[in-house]
Amino acid sequence: QVQLTESGGGLVQAGGSLRLSCVASGRTFSSYAMGWFRQAPGKEREIVTVIAWNRGNTYYADSVKGRFTISRDNAKNTVYLQMNTLKPEDTAVYYCAARPLSIATTARAFNFWGQGTQVTVSS
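Residues numbered from 1 in each chain as written. Predicted model: local features only at pLDDT ≥ 70, side-chain atom pairs only at ≥ 80, totals over all residues. Heavy atoms only, no water.

Visitor: Is there a simple way to think about the overall build of the protein chain in this case?
Guide: Per the secondary structure count, the protein chain includes zero helices and eleven strands. The C-alpha radius of gyration computed for the protein chain amounts to 13 Å, which stays within 12% of the reference 14 Å derived for 123 residues, consistent with globular compactness. Expressed along its principal axes, the backbone C-alpha trace of the protein chain runs to roughly 40 × 25 × 25 Å. Within the protein chain, the proportion of its 123 residues that are buried is 45%. In the protein chain, the share of contacts with a sequence separation of at least 24, taken over all contacts with a separation of at least 6, comes to 59%. Looking at the protein chain as shown, the accessible area adds up to about 6300 Å², and 46% of this sits on carbon and sulfur atoms. If the 13 positive side-chain charges of the protein chain are averaged to one point and the 7 negative ones to another, these points end up 7 Å apart. (Helix = DSSP H or I, 4+ residues; strand = E, 2+ residues; numbered from the N terminus. Rg over C-alpha atoms; globule rule 2.2 N^0.38 Å. Buried < 20%, exposed > 50% of the residue type's maximum accessible area, 1.4 Å probe, protein only. Contact = heavy atoms within 4.5 Å. Areas by Shrake-Rupley, 256 points an atom, 1.4 Å probe, with all protein chains shown as cover. Lys, Arg positive; Asp, Glu negative; His and termini not counted. Charge placed at Lys NZ, Arg CZ, Asp CG, Glu CD.)

Written out as structure tokens, the structure reads:
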């Protein structure tokens, strides 16, 4: 089992950048696919990006493709989300999530979740 803690959210102007971090609790991290999801008030949680345990397979939502980059450092039990050219519509609570082994693109497929970190992009 894995416990996740996100950090790095904040308030930025449109066009700015942020890097989110998610730290997992133990060595099991290396065997988990990791994802970032986001949820705005009154809206459903949606996929942002996912990375496989071996770092060789990724998925990006069309809305963030070319602007966001997911990466992971298994030695540090950490996954990152680099967010560039942020837009007001990126404003949401961002959640780190994990599931054993294989990649998935729906929230219901992920077993473990962090508490979320707020990202607010002003226009």
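Visitor: Help me out: how do you make sense of the state of the cysteines in this one?
Guide: Simply put, disulfide is the name for a covalent bond between the sulfur atoms of two cysteines. Inspection of the entire model under this criterion finds one disulfide. Here cysteine 22 connects covalently by a disulfide to cysteine 96, the sulfurs 2.1 Å from one another. Residues cysteine 22 and cysteine 96 are joined by a disulfide whose S-S torsion is about -80 degrees; by sign, that bridge is left-handed. Remark: cysteine 96 occurs in strand β9 (residues 92-100) and cysteine 22 occurs in strand β3 (residues 18-24); sequence separation between them is 74 residues. Judged by its relative accessible area of 0%, cysteine 96 falls in the buried class. (Disulfide = S-S within 2.5 Å.)

Visitor: Looking at this model, I keep getting lost on the pattern of salt bridges. Mind explaining?
Guide: Opposite charge on two side chains allows them to pair when their charged atoms are near. For the structure shown, the criterion picks out four salt bridges. Linking arginine 38 and glutamate 46 is a salt bridge whose minimum nitrogen-to-oxygen distance equals 2.8 Å. Overall, the relative accessible area of 5% leaves arginine 38 in the buried class. When the shortest N-O distance is used, the salt bridge between aspartate 62 and lysine 65 registers 3.3 Å. (Salt bridge = Lys/Arg side-chain N within 4 Å of Asp/Glu carboxyl O.)

Visitor: Teacher, can you tell me more about the nonpolar core here?
Guide: One broad rule of soluble globular proteins: the nonpolar side chains tend to lie buried together. Ranked by internal contacts, the top residues of the largest apolar core, which has 36 residues, are Leu4, Met34, Trp36, Val79, Met83 and Tyr94. Breaking this core down by element, the ones donating at least two residues are β3, β4 (32-39), β5 (46-51), β7 (68-73), β8 (78-83), β9 and β11 (117-122). (Core = buried A, V, L, I, M, F, W, Y, C linked by side-chain atoms within 4.5 Å.)

Visitor: Could you clarify how one ought to interpret the packing of aromatic side chains in this entry?
Guide: The geometry of an aromatic ring pair is captured by two quantities: the separation of the ring centres and the angle between the planes. Applying the stated criterion to the full structure yields five aromatic pairs. Both rings, one in phenylalanine 37 and one in phenylalanine 110, keep their centres 5.1 Å apart while their planes meet at 75 degrees; by these two values the pair is edge-to-face. Taken together, the positions of phenylalanine 37 in strand β4 and phenylalanine 110 in the loop between β9 and β10 (112-113) put the pair 73 residues apart, joining distant regions of the chain. Each member of the pair, phenylalanine 37 together with phenylalanine 110, is buried. Taken together, the ring pairs in this structure connect Phe37, Tyr95, Phe110 and Trp113 into an aromatic cluster. Taking NZ or CZ as reference, arginine 45 lies 3.9 Å from the ring centre of tyrosine 95, over its face. Above the face of the tryptophan 113 ring, arginine 45 is positioned so that its terminal group lies 4.7 Å from the ring centre. (Phe/Tyr/Trp six-rings, centres within 6.5 Å; stacked < 30°, edge-to-face > 60°. Lys NZ or Arg CZ within 6 Å of the ring centre and 35° of its normal.)

Visitor: Could you clarify how one ought to interpret the sheet that holds β8 in this entry?
Guide: The strands making up a sheet are joined through hydrogen bonds of the backbone, oriented either antiparallel or parallel. Spatially, the four strands line up as an open sheet ordered β1-β3-β8-β7, and their pairing is antiparallel. Where the open sheet ends on each side, the last strands, each with one partner, are β1 (4-7) and β7. Strand after strand, the sheet turns through a mean of 15 degrees between neighbouring axes, direction not considered. (Pairing = 2+ DSSP bridges. Axes fitted to C-alpha atoms, helices over the stretch in contact; angles between N-to-C directions.)

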